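Understanding the architecture of this molecule
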Number of protein chains: 2
Amino acid sequence: MASLRVLGIDPGLTRCGVGVVDVAPDRSAVLVHVGVVRSAPDAPAAQRLAAIAAGIREVLQTHRPDVVAVERVFAQQNRNTVMGTAQASGVALLLAAEHGIPAETHTPTEVKAAITGYGQADKRQVQTMVARILRLDELPKPADAADALALALCHAWRGAGPQSAQSGALTPAQRAWRDAERLTRR
Amino acid sequence: MASLRVLGIDPGLTRCGVGVVDVAPDRSAVLVHVGVVRSAPDAPAAQRLAAIAAGIREVLQTHRPDVVAVERVFAQQNRNTVMGTAQASGVALLLAAEHGIPAETHTPTEVKAAITGYGQADKRQVQTMVARILRLDELPKPADAADALALALCHAWRGAGPQSAQSGALTPAQRAWRDAERLTRR
């Protein structure tokens, strides 16, 4: 079975994290691309969204992912930037659809649980686990880039389904998560 | 001086109002197009945004507006739909930029004040004034379509600036607004 190429997008108007990973059926993962698409804070909103769209489109066309995972935005988040973040997420979902690539959203809690085994993990824990999973020498920076990679990994692992999670192929985080799930079922 | 063609967009994921008006230098306005772009509520978000984008793109290409006015979305609005509304507004702004058409946002209060002379006007008052300004036999329906026309008129009138508002050319709403402004300056 071929590996799955996932583009994770951490939407934002000032900084939009993009991360591409190839995830094998045994859940091992390889970094393909990571970066941050930026727009000028003093530009009009339409121009900023066009800059974000151009950056995402370039990643889609260069790396041709099988699926796109976008972080889900909630109204409760930081008031000042949440509308721009939601607009950027809309643009990301639109571009996926227009490239014929399936797109899904995941909540930050889902991502943290998938990557660290703990839904309330902090950014540093997520970055550390992403670096470990992808065997990177350094933590992926900035945080938006790490979040995009975490989203992509989360999507691939969740999509694989629990039945394909052979014990031997699990990462430490996946084992922790599985064990936590078993505990809650008791 | 030629008239200004404005596309007003009342963003939404289920119903997105679109209205095109031609506004003359004397501020008189003519209806060019009004409609509602819809998406299936049970479709995935990316497909819904693609449907909204296709509808907006068609209006842009058929009617070639000089400028696009989009309603500004606030985090405080209805929690259940505000994220979808923000995503749709992001798509609308992106499409304007990608067609090389300037785009601006206006708040609901600005629109109501421009159309009815009163920032807290209800939907019915706005619809009534829009019908009167455009000399329509019926109120534009649904409300999303009327709001899109109101946005377009608001943009054209505000863009024209107060110096071009010759008294004789003012509509009743504009006179009311001007008078209200004068009162607040006393």
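Model, not experiment: these values are computed from the prediction. (Residues numbered from 1 in each chain as written. Chains lettered and ligands numbered in written order. Predicted model: local features only at pLDDT ≥ 70, side-chain atom pairs only at ≥ 80, totals over all residues. Heavy atoms only, no water.)

1. Things to note about the overall build of chain A
Across its full length, chain A holds 6 helices and 5 strands. Scanning chain A from its N terminus toward the C terminus, one meets helices and strands in the order β-β-β-α-β-α-β-α-α-α-α. Put simply, chain A has 186 residues, and 51% of those count as buried. Taking contacts inside chain A between residues at least 6 apart in sequence as the whole, the part at least 24 apart equals 59%. On chain A, roughly 8,700 Å² of surface is accessible, and the fraction owed to carbon and sulfur atoms is 49%. (Helix = DSSP H or I, 4+ residues; strand = E, 2+ residues; numbered from the N terminus. Buried < 20%, exposed > 50% of the residue type's maximum accessible area, 1.4 Å probe, protein only. Contact = heavy atoms within 4.5 Å. Areas by Shrake-Rupley, 256 points an atom, 1.4 Å probe, with all protein chains shown as cover.)

2. Comments concerning the UniProt feature "active site" (unreviewed entry) in chain A
Residues and elements named next belong to chain A. When the UniProt feature table is mapped onto this chain, "active site" (unreviewed entry) is found at Asp10, Glu71 and Asp144. Judged by maximum C-alpha separation, these annotated positions cover 135 residues in sequence but sit close together in space, the widest gap being only 10.8 Å. Note on placement: Glu71 falls in strand S4 (residues 67–71). Mapping Asp144 onto the fold places it in helix H5 (residues 143–160). (UniProt positions renumbered as here; feature names shortened; annotations may be inferred.)

3. Things to note about the interface of chain A and chain B
If you look at the interface, chain A gives 24 residues, while chain B gives 24 residues. There are 4 residue pairs in polar contact (both at pLDDT 80 or more) connecting chain A and chain B. Those elements that provide at least two residues to the side of chain A that touches chain B are helix H1 (45–63) and helix H2 (79–98) of chain A. Take the side of chain A that touches chain B: its biggest share by element is 12 residues, from H2 of chain A. (Polar contact = N/O pair within 3.5 Å; in protein donor to acceptor, adjacent residues only side chain to side chain.)

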